[in-house]
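Each chain is listed here by its residues.
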Amino acid sequence: MEAPELEISPVSLRSYLRLLGDNRNFRRLWGAQIVSEIGDWFYTLAIYNLLLQLTGRAGSVALALVLQVLPQTFIGPTAGVVNDRLRRKHVMIAADLGRFVIVLCMLLVRSREMVWLVYPLLVAETLLAAFFEPARSSVIPNIVGRGQVVLANTLSSTTWSVNLMLGATAGGLVAALFGRDAVFILNALSFLVSAAFIMGMRFAEPHAEGTRPFHIRELVDFSPIVAGIRYVRSQVRLRSTVLVKAGNLIIGPGWVLFTVMGQREFPVRWHGLDPARGAFLGMSLLLGARGLGALLGPLFAAPWAGHWQHRLEQAIFWGYLSSAAGYMLLGVSGHLWQACLCVILAHFGGSIVWVFSTTLLQLQTDDKFRGRVFAADLGLCMFTIAVGAYVAGRFVDWGFAARHVASVAGMLMLIPATLWGLSIRRTRAETL
């Protein structure tokens, strides 16, 4: 007999407004997301531009991206255990306060001789993000009803996309007008505001109720990790879904390619505009296009897919294909506006993959395992992002055109699309 479909409330503008108006906890979590993510996009642009300007190598940007994501793969099992043992609200607050200090330390990087400092700071910030993000994903089912999970995820994704558009565009302008130091300060302050929002949340955390005190030695206790692996293996649908984000192979190369293409192929040329600042704005527009695509994807797909699990799964398949087509076409774009349209198409699909896989994981996972499942989900994704960014950076530094690397990355997206298509057919057959 086929597994029952997920019951999800209708997706409409009114349902989003009702969620925000009636749910104080989600409203505060949403506010924390807005301020911290806008600051993050300011900051990301500034870091990549700083490295490319001081070193002149795409590999330095790729290395920065690797250090921003790869540590999450290695710390993920520990982060998952911590999130399943402690109150996730406290984990998020501690991570925000730590990142406030780390980002301020970026102000110390003033010359090429100081570039080395960027890398350990990025690692430290990444380790804290590895604790924060699984906690944020895990608390959503605790603060919204089961039928509102897809609404909450779609709204969070939409917000992420708007933040990317605003942060990428405004970040370029702020850096051009006021300098990188202003960007670092604004991002640091955003973490303080985020922590204040989360501190005001009040909600039950069943996984942490009546548990024994947490001991440091538990950080090296692998039995909870083994239990999490066994749990995932025992769930037919979960086995494939936890790998979905890892299959979004264009995320890592995209960061490197947008930085390089903004500087070398699509700089903005205004009368009297400094070439370095024109390159920064070109990169900002490409990232803004990514945000627009990510905004539109779930908004268009959620009303169609929201009620049915098999539609969520099918939408992920088409999302993979959209990402593939966008990056293959990016490789033959001759103008900035054409490149932006291709990026919109690619990340229209990519955001569907991200949001719908998150929704499926939240609804398919028991609360006591949710931290470990989302830590694994994030860690595997970060691993493929890191590998993709490193490989793309290396190929660009070896003399391959960025547009050709983009086309190859798009072609590779056909692999996870095929594997996911086969997986949902097999899973549906097993559940009949």
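Parameters at a glance
What you see as residue numbers is a count from 1 along each chain, following the sequence as written. Only residues with pLDDT of 70 or above have their local features reported here, since the model is predicted, and side-chain atom pairs are shown and tallied only from 80 upward, although totals for entire chains, interfaces and linings are computed over all residues. By convention in this description, side-chain values take in all heavy atoms of the structure and omit both hydrogens and water. Strands are runs of DSSP state E lasting at least two residues, helices are runs of H or I lasting at least four, and both sets are numbered from the N terminus onward. Residue burial is assigned from relative accessible area. The probe radius is 1.4 Å, only protein chains are included, and a residue is buried under 20% of its type maximum, exposed over 50%, and partly exposed in between. Working rule for contacts: check all heavy atoms of both residues, and any pair within 4.5 Å makes them a contact. Every accessible area reported is derived by Shrake-Rupley at a probe size of 1.4 Å, with residue values counting cover from the shown protein chains alone. Grid spacing is 1 Å over the protein atoms alone, the probe is 1.4 Å, and a cavity is where that probe fits but cannot get out, while a pocket is an open set with protein on both sides within 12 Å along at least five of seven lines and lining residues have an atom within 4 Å of a point. Grid points are joined across faces, edges and corners, and a volume is the space filled by probe spheres set on the points. Fitted lines through C-alpha atoms give the axes, limited to the stretch in contact for helices. The angle between two N-to-C directions lies from 0 to 180 degrees. Each angle receives one of four descriptions, namely roughly parallel if under 35 degrees, roughly antiparallel if over 145, roughly perpendicular if within 65 to 115, and oblique otherwise. Each crossing gets its hand from how the near helix is turned against the far one by less than a right angle, where anticlockwise is left-handed and clockwise is right-handed. Under the grouping applied here, Gly and all other residues not named as nonpolar or charged are polar, the nonpolar ones being Ala, Val, Leu, Ile, Met, Phe, Trp, Tyr, Cys and Pro and the charged ones Asp, Glu, Lys and Arg. Here pLDDT means the predictor's own confidence in every residue, given as a number from 0 to 100. Between N or O atoms, a polar contact is any pair within 3.5 Å; within protein, one atom must be a potential hydrogen donor and the other a potential acceptor, and residues adjacent in sequence are included only when both atoms are from side chains. Stacked, edge-to-face and tilted are the three classes for Phe, Tyr and Trp ring pairs, Trp counted by its six-membered ring, which pair at centre distances within 6.5 Å; planes under 30 degrees apart are stacked, over 60 edge-to-face, the rest tilted. Criterion for a charge above a ring: Lys NZ or Arg CZ within 6 Å of the ring centre, and within 35 degrees of the ring normal.

Peer 1: Would you mind going over the overall build of the protein with me for this structure?
Peer 2: Along its length, the protein carries 16 helices and 0 strands. Looking at the 432 residues of the protein, the share that counts as buried comes to 59%. The long-range share in the protein, meaning contacts at least 24 apart out of those at least 6 apart in sequence, stands at 86%. Looking at the protein as shown, the accessible area adds up to about 17,900 Å², and 68% of this sits on carbon and sulfur atoms.

Peer 1: Explain empty space enclosed by the protein here, please?
Peer 2: One simple way to see leftover space: roll a probe sized like a water molecule over the atoms. Inspection of the entire model under this criterion finds 2 cavities of 30 Å³ or more. Its volume calculated, the largest cavity comes out at about 1,200 Å³. For the largest cavity, the lining is made up of 49 residues, of which E37, E133, W160, W354 and M382 are closest to its centre. For the lining of the largest cavity, the leading source of residues is helix α2 (residues 24–55), giving 10 residues.

Peer 1: What am I meant to see in the packing of helix α4 (residues 88–105) against helix α7 (residues 180–199) here?
Peer 2: The description of two helices packed together rests on the angle between their axes and the distance between the axes. The N-to-C vectors of α4 and α7 enclose an angle of 165 degrees; their axes lie 8 Å apart at closest approach. Put simply, α4 runs roughly antiparallel to α7. Along this stretch, α4 crosses α7, giving a crossing that reads as left-handed. Listed contacts from α7 to K89, M92, I93, D96, L97, R99, F100, V103 and L104 of α4 are F184, N187, A188, L189, F191, L192, S194, A195, I198 and M199. Counted by class, the contact of α4 with α7 contains 14 nonpolar, 2 polar and 3 charged residues.

Peer 1: Whenever I open this one, the confidence of the model for the protein confuses me. Can you help?
Peer 2: A low pLDDT means the predicted coordinates there should not be read in detail. Mean pLDDT over the protein stands at 82; residues scoring 70 or higher make up 90%. Ignoring residues within four places in sequence, the model shows residues 1–9, a span with pLDDT below 50, making 29 contacts including any to other chains.

Peer 1: Sorry, what's going on with the environment of R403 here?
Peer 2: As for its position among the elements, R403 is in helix α15 (residues 402–412). Separated by 74 residues in sequence, R403 and L329 place their C-alpha atoms 9.2 Å apart. Residue contacts for R403: discarding those within four places in its chain leaves M261, E265, F266, L330, G331, V332 and S333. Here the side chain of R403 touches G331 through a polar contact of 3.1 Å, landing on its backbone oxygen. There is a polar contact of 2.6 Å between the side chain of R403 and the backbone oxygen of S333.

Peer 1: How do you make sense of the layout of surface pockets when you look at a structure like this?
Peer 2: Put simply, the largest pocket is a space of about 380 Å³. Elements represented by at least two residues in the lining of the largest pocket include exactly α3 (58–85), α8 (223–234) and α14 (367–397). Broken down by element, the lining of the largest pocket gets its largest block of residues, 6 residues, from α14. Within the lining of the largest pocket, the residues separate by chemical class into 10 nonpolar, 5 polar and 3 charged.

Peer 1: It is not clear to me how the packing of aromatic side chains should be interpreted in this structure. Could you clarify?
Peer 2: Here a ring pair, both rings aromatic, is described through the centre-centre distance and the interplanar angle of the planes. A complete count under the given rule lists 6 aromatic pairs for this structure. Note on F317 and W318: the rings are 5.4 Å apart at their centroids and 75 degrees apart in plane angle, and the pair reads as edge-to-face. The class of W318 is exposed, set by a relative accessible area of 57%. Judged by centre distance (5.2 Å) and plane angle (70 degrees), the ring pair of F395 and F400 falls under edge-to-face. Taking the relative accessible area as the measure of exposure, F395 reaches 33% and is therefore partly exposed. Within the aromatic cluster, the residues linked to one another by ring pairs are F395, W398 and F400. Lying over the aromatic face of F132, R99 brings its terminal NZ or CZ to 4.7 Å of the ring centre.

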